[in-house]
Amino acid sequence: MTSTNSAGAGGGLVNAQAIFLLIGLALLLAAPFFVYPIFLMKLLCFALFACAFNLLLGYTGLLSFGHAAFFGGAAYITAHTVKEWGVTPEIGVLLGVLAAAFLGLVMGFVAIRRQGIYFAMITLALAQMFFFFCLQAEFTKGEDGIQSVPRGHLFGVVDLNNPIAMYFFVLAVFLIGMAIIWRFVNSPFGMILKSIRENEPRAVSLGYAVDRYKLGAFVMSAALTGLAGGVKALVFQFATLTDVSWQMSGEVILMTLLGGIGTLVGPIFGAGLVVTLQNYLATSSFPVTIITGVVFMVCVLVFRRGIIGEFYASRLGRKLGFVHRR
């Protein structure tokens with residue numbers, strides 16, 4: 001009888017989570033008909049960016065201050081190849097992802113040799129080096145950036161100049177990226193990453209090549225960040241130095257902390273909160289950064305695990321089967 005009740009409860013929890021997932025998907029499908037599509041596309045790009053960053057921080061325990069290099073680097077490569085080489089948008093985004101993954105391999109190979117604050121400072125230093133490269137490189141157009149990037153036709157058929165068509169392309173990329181992150185986190189590789197996060201000496205004693213796993217997570221995080229950056233370049237049709245600045249790295253850290261480190265959907269909510277504040281307070285006379293700082297301070301004091309992390313840890317969250325292991 002007990003096992004039957006447990007099975008029934010487990011099925012109910014799965015059904016509750018599936019219902020939340022279906023509701024979220026339905027809202028995303030209907031959203032562009034009620035909300036400004038460009039705003040939604042920006043939100044999805046930054047949500048994927050934050051989730052990719054959380055893959056490294058939340059599930060591997062590595063704090064990077066240099067993720068803007070992958071985001072902006074992919075944006076530059078996508079913008080340049082689409083505009084100057086005339087490739088289709090999907091090829092441009094793919095080239096951006098490959099460039100970000102390669103950059104992640106190089107930066108990660110250097111950075112993973114250190115831990116803690118030293119790791120963070122190395123990633124920041126390498127990202128600043130890349131920033132100055134982008135400032136001086138001819139193909140990036142310096143401070144002007146790459147502008148008037150054509151969106152083109154997806155697979156030569158779908159006109160992405162149509163805002164609704166562009167939105168559903170961004171949504172598809174976002175969902176694919178989230179599916180990759182979910183599979184990565186719940187794979188044996190992801191389980192080993194969590195063990196490294198919790199007790200690295202223990203993982204070493206069990207015979208795991210810890211540095212290789214860290215490097216793999218770093219490259220995967222960089223590639224998914226590049227996916228977000230490449231799509232963002234098509235959405236706004238430009239790539240600038242703002243995309244590779246250290247402020248961009250700080251912004252994604254803020255999004256992740258607000259939503260909840262180590263949760264799959266927490267960074268999405270964090271990105272939504274920050275992007276919404278930036279969008280709707282942009283025309284006000286009050287500085288957006290001050291409002292964002294106040295919100296961050298309140299969340300740190302009241303929601304120590306982040307908004308979604310606190311929900312998972314609450315009685316309702318536990319009843320629905322959500323577990324926060326941080």
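Residues numbered from 1 in each chain as written. Predicted model: local features only at pLDDT ≥ 70, side-chain atom pairs only at ≥ 80, totals over all residues. Heavy atoms only, no water.

1. Some thoughts on the environment of Ser195
Its place among the elements puts Ser195 in helix α7 (residues 188-198). The spatial distance from the C-alpha of Ser195 to the C-alpha of Tyr59 is 9.1 Å, given a sequence separation of 136 residues. In this structure, Ser195 is in contact with Glu200 and Ala203, ignoring residues within four places of it in sequence. Engagement of the side chain of Ser195 in a polar contact is seen with the backbone oxygen of Ile192, the distance being 2.5 Å. (Helix = DSSP H or I, 4+ residues; strand = E, 2+ residues; numbered from the N terminus. Contact = heavy atoms within 4.5 Å. Polar contact = N/O pair within 3.5 Å; in protein donor to acceptor, adjacent residues only side chain to side chain.)

2. Some thoughts on the pattern of salt bridges
Scanning the entire structure with this criterion turns up 3 salt bridges. With a closest N to O distance of 2.9 Å, Asp243 and Lys232 form a salt bridge. Taken together, the residues span a long stretch of sequence, with Asp243 in the loop between α9 (210-236) and α10 (246-259) and Lys232 in helix α9 at a distance of 11 residues. For Asp243, a relative accessible area of 2% gives the class buried. (Salt bridge = Lys/Arg side-chain N within 4 Å of Asp/Glu carboxyl O. Buried < 20%, exposed > 50% of the residue type's maximum accessible area, 1.4 Å probe, protein only.)

3. Some details on unusual backbone geometry
Backbone geometry at Lys141 places phi at a positive 65 degrees, although glycine is not the residue there. Assignment of secondary structure puts Lys141 in the loop between α5 (116-136) and β1 (153-154). A residue is classified by how much of its surface remains accessible, and Lys141, at 43% relative accessible area, is partly exposed.

4. Thoughts on the packing of aromatic side chains
For the structure on display, the rule yields 14 aromatic pairs. Ring centres of Phe33 and Phe168 lie 6.5 Å apart, and the angle between their planes is 50 degrees; on these two criteria the pair is classed as tilted. One end of the pair, Phe33, is in the loop between α1 (2-30) and α2 (37-60); the other, Phe168, is in helix α6 (residues 163-185), and 135 residues separate them in sequence. A relative accessible area of 30% places Phe168 in the partly exposed class. (Phe/Tyr/Trp six-rings, centres within 6.5 Å; stacked < 30°, edge-to-face > 60°.)

5. Focus on α2
Count 3.6 residues to each turn of an α-helix, and residues three or four apart come out pointing the same way. Along its 24 residues, α2 runs 34 Å from first to last C-alpha, staying within 8% of the 34 Å computed at 1.5 Å per residue. At Asn54, α2 is bent by approximately 40 degrees, the largest bend along its length. One or two positions beyond α2, positive phi appears at Gly61, with a value near 80 degrees. (Expected span 1.5 Å × (residues − 1). Bend = angle between axes of the 7 residues up to and from the residue.)

6. What about the side chain of Glu200?
Along the chain, Glu200 turns up in helix α8 (residues 200-205). Engagement of the side chain of Glu200 in a polar contact is seen with the side chain of Gln115, the distance being 2.9 Å. Setting aside residues up to four positions removed in sequence, Glu200 forms contacts with Gln115, Ser195, Val210 and Lys214.

7. What about the nonpolar core?
Membership of the largest hydrophobic core comes to 91 residues, with the highest contact counts inside it found for Phe46, Met166, Val170 and Ile181. In terms of residues, this core owes the most to one element, α2, which gives 19 residues. Apart from the residues lying within four places of it in its own chain, the contact partners of Val170 are Met41, Leu44, Cys45, Val231 and Val235. (Core = buried A, V, L, I, M, F, W, Y, C linked by side-chain atoms within 4.5 Å.)

8. Comments concerning the confidence of the model for the protein
Of the residues in the protein, 92% reach a pLDDT of 70 or more, and the chain-wide mean stands at 86. Of all secondary-structure elements in the protein, the lowest mean pLDDT belongs to α1, at 65, while helix α4 (residues 89-111) reaches the highest, 95. Counting contacts from residues 1-12, a segment whose pLDDT is below 50, to residues more than four positions away or on other chains yields 0 contacts. (pLDDT = per-residue confidence, 0-100.)

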